[in-house]
Amino acid sequence: CPLGAPPPHEMTHGFDDEGRKFDGLGRRHAWWKESTVTAFDDRAKCIREQFSGYQLHGKHVNGKLTLGEAIADLGGVKMAHKAWHKGGQRTEAEDRLFFLAFAQTWCGVERPKAEEQGLFDAHAPRKWRVRGTLADVPAFAAAYSCPAGSAMNPGSARCSLW
């Protein structure tokens, strides 16, 4: 997964809250239908509010600031997982390893002050890049048998942009 998720993550940026405003030639203009923009904004709002609900050391993550990266993280891991499955039948254990590899990408230790600086970054803090993203991936909940209604399997509260 570490090699598999970054390329679709970057591709997803072309269709995130900022990238969608540019056409294939890099020109800034509204090229989506208004109904598509409205549907996108409604779905993106779920992700923005989800990340705004997360806290680090008692301070809230800025869901508006992190929206583009959260969209790209979610799109990247979902596309990578789908592509990986197209390569052949996968076992539940292999699926768990796939998601574990994604999580390990963001594994690290930082001093609290350094972590808090991340609250002013377009990327959510490491913990929420993993938990927030994977909570929105049904295949993760299935692989780890997360109970319905739990933080990692929110059911109908799960955000889905694509």
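It should be noted that the structure appears before, not after, this text.
The structure presented is a predicted model; accordingly, all values stated were derived computationally and were not measured.

Examining helix 4 (residues 92–105)
Point 1. Taking 1.5 Å per residue as the helical rise, helix 4 with its 14 residues ought to reach 20 Å, and the 20 Å between its terminal C-alpha atoms agrees with that figure.
Point 2. Among all positions of helix 4, only Asp95, Phe98, Phe99, Ala101 and Phe102 are buried. End-on view of helix 4: buried residues confined to an arc of 150 degrees, all on one side of the axis. Among the exposed residues of helix 4, those oriented more than 90 degrees off its buried face are Leu97 and Gln104.
Point 3. Lining the buried residues of helix 4 we find helix 3 (63–86), helix 6 (126–135) and helix 7 (138–143).

Digging into the nonpolar core
Point 1. Of all hydrophobic cores here, the largest spans 32 residues; its most connected members are Ile47, Phe51, Phe99 and Leu134.
Point 2. Of all elements in the fold, only helix 2 (34–52), helix 3, helix 4, helix 6 and helix 7 reach the threshold of two or more residues within this core.
Point 3. Counting residues per element, this core draws most heavily on helix 3, at six residues.
Point 4. Sequence-distant contacts of Ile47, that is, excluding residues within four places in its chain, are made with Leu67, Ala70, Ile71, Leu74, Cys159 and Leu161.

Focus on the pattern of salt bridges
Point 1. Counted by the stated rule, this structure contains eight salt bridges.
Point 2. In this structure, Asp23 engages Arg27 in a salt bridge whose closest nitrogen and oxygen atoms are separated by 2.8 Å.
Point 3. On the basis of relative accessibility, which here comes to 14%, the residue Asp23 falls in the buried class.
Point 4. Notably, a salt bridge pairs Lys45 with Glu49, separated by 3.8 Å at the nearest N-O pair. Of this pair, Lys45 and Glu49 both sit in helix 2, four residues apart, which is roughly one turn of the helix.

Re the packing of helix 2 against helix 3
Point 1. Contact pair helix 2 / helix 3: the axes reach a minimum separation of 9 Å and the direction vectors enclose 110 degrees. Viewed along their axes, helix 2 and helix 3 adopt a mutual orientation that is roughly perpendicular. Counted together, Phe40, Ala44, Ile47, Arg48, Phe51 and Ser52 of helix 2 and Gly63, Lys64, Thr66, Leu67, Ala70, Ile71 and Leu74 of helix 3 form the full contact between these two elements.
Point 2. Classifying every residue of the contact of helix 2 with helix 3 gives eight nonpolar, three polar and two charged.

A few points about the packing of aromatic side chains
Point 1. Applying the stated criterion to the full structure yields eight aromatic pairs.
Point 2. On the numbers, 5.9 Å between centres and 75 degrees between planes, the contact of Trp31 with Trp32 is edge-to-face.
Point 3. Residue Trp32 is classed as buried on the basis of its relative accessible area of 15%.
Point 4. Between the aromatic rings of Phe51 and Tyr54, the centroid separation amounts to 5.3 Å while the plane-to-plane angle is 80 degrees, which identifies the pairing as edge-to-face. In this structure, Phe51 and Tyr54 share a single accessibility class: buried.
Point 5. In textbook terms, an aromatic cluster arises when at least three aromatic residues are bridged by ring pairs, as seen for Trp84, Phe98, Phe99, Phe140 and Tyr144.
Point 6. In this arrangement the basic side chain of Arg129 is found over the ring face of Trp106, its NZ or CZ atom lying 3.7 Å from the centre.

Rules and cut-offs
Along every chain, residues carry numbers that run from 1 in the direction the sequence is written. With pLDDT at 70 or above as the cut-off, local features in this predicted model cover only qualifying residues; side-chain atom pairs require 80 or more to be listed or tallied, and sums for whole chains, interfaces and linings still use all residues. Heavy atoms throughout the structure, all of them, feed into the side-chain values; hydrogens and water do not. The numbering of helices and of strands both runs from the N terminus, where a helix is a DSSP run of H or I of at least 4 residues and a strand a run of E of at least 2. Here, expected helix span is obtained from the residue count minus one, scaled by 1.5 Å. Only protein chains enter the area calculation, which uses a 1.4 Å probe; residues under 20% of their type maximum are buried, those over 50% are exposed, and those in between are partly exposed. This arc corresponds to the set of directions leading from the helix axis out to the C-beta atoms. Throughout, a residue-residue contact means that at least one pair of heavy atoms, one from each residue, lies within 4.5 Å. Residues enter a nonpolar core if they are buried and are Ala, Val, Leu, Ile, Met, Phe, Trp, Tyr or Cys, with the set joined through side-chain atoms within 4.5 Å. Only one rule defines a salt bridge in this text: a Lys or Arg side-chain nitrogen within 4 Å of an Asp or Glu carboxyl oxygen. Fitted lines through C-alpha atoms serve as axes, helices being fitted only where they are in contact, and the angles separating the N-to-C directions of these axes extend from 0 to 180 degrees. Should an angle fall under 35 degrees it is taken as roughly parallel, and over 145 as roughly antiparallel, whereas 65 to 115 is taken as roughly perpendicular and any remaining angle as oblique. Under this grouping Gly is polar, as are all residues other than the nonpolar Ala, Val, Leu, Ile, Met, Phe, Trp, Tyr, Cys and Pro and the charged Asp, Glu, Lys and Arg. Aromatic rings from Phe, Tyr and Trp, taking only the six-membered ring of Trp, are treated as a pair when their centres fall within 6.5 Å; an angle between ring planes under 30 degrees marks them as stacked, one over 60 as edge-to-face, and anything in between as tilted. Placement of a positive charge over a ring is assigned whenever Lys NZ or Arg CZ falls within 6 Å of the ring centre and within 35 degrees of the normal to the ring plane.

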